[in-house]
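Listed below, chain by chain, are the residues.
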Amino acid sequence: MPELREIAVQVERKIVELLDEKRNEKGLSEVQWGKIAYPDDKDPRRKIQSIRNKQSNGQPQRLRVQDLILLSKALGVDPARILTRAMDENNL
């Protein structure tokens, strides 16, 4: 079995993947999604990109619980269901 840190990263990446699928289903661009999730942020698209894309260290930014909630609610989905599905799809 992978170590706990690896499991957490796998679940985080699956969450981002599932949220991105929902975004596409809703027909939202990253900019639109970012503006809904982070209305007070100066560059909401960059916030989305930092969660999705690899950073200078080669790893994506870690997903915070706050981000899970904001990104899920911006899409009208339950963050708990997204987390559960990500865990299920990783056989956890």
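### Side note on the side chain of Asp-20
Its location among the elements puts Asp-20 in helix α1 (residues 4-26). By relative accessible area, Asp-20 is classed as buried at 12%. Here the side chain of Asp-20 touches Arg-23 through a polar contact of 2.8 Å, side chain to side chain. Asp-20 has contacts with Trp-33 and Arg-52, leaving out every residue within four places of it along the chain.

### Some remarks on the pattern of salt bridges
Opposite charge on two side chains lets them pair, provided their charged atoms get close. Inspection of every chain in the model, using the stated rule, returns 13 salt bridges. Residue Glu-17 pairs with Lys-14 through a salt bridge whose shortest N-O separation is 2.9 Å. On the criterion of helical spacing, the pair formed by Glu-17 and Lys-14 is a turn pair, its members being three residues apart in helix α1. Judged by relative accessible area, Lys-14 falls into the buried class, the value being 17%. In this structure, the salt-bridge partner of Asp-20 is Arg-23, at a minimum N-O distance of 2.8 Å. One end of the pair is Asp-20 and the other is Arg-23, both in helix α1 and three residues apart, which spans about a single turn. Assessed through its relative accessible area of 9%, Arg-23 is described here as buried.

Analysis parameters
Residues numbered from 1 in each chain as written. Predicted model: local features only at pLDDT ≥ 70, side-chain atom pairs only at ≥ 80, totals over all residues. Heavy atoms only, no water. Helix = DSSP H or I, 4+ residues; strand = E, 2+ residues; numbered from the N terminus. Buried < 20%, exposed > 50% of the residue type's maximum accessible area, 1.4 Å probe, protein only. Polar contact = N/O pair within 3.5 Å; in protein donor to acceptor, adjacent residues only side chain to side chain. Contact = heavy atoms within 4.5 Å. Salt bridge = Lys/Arg side-chain N within 4 Å of Asp/Glu carboxyl O.

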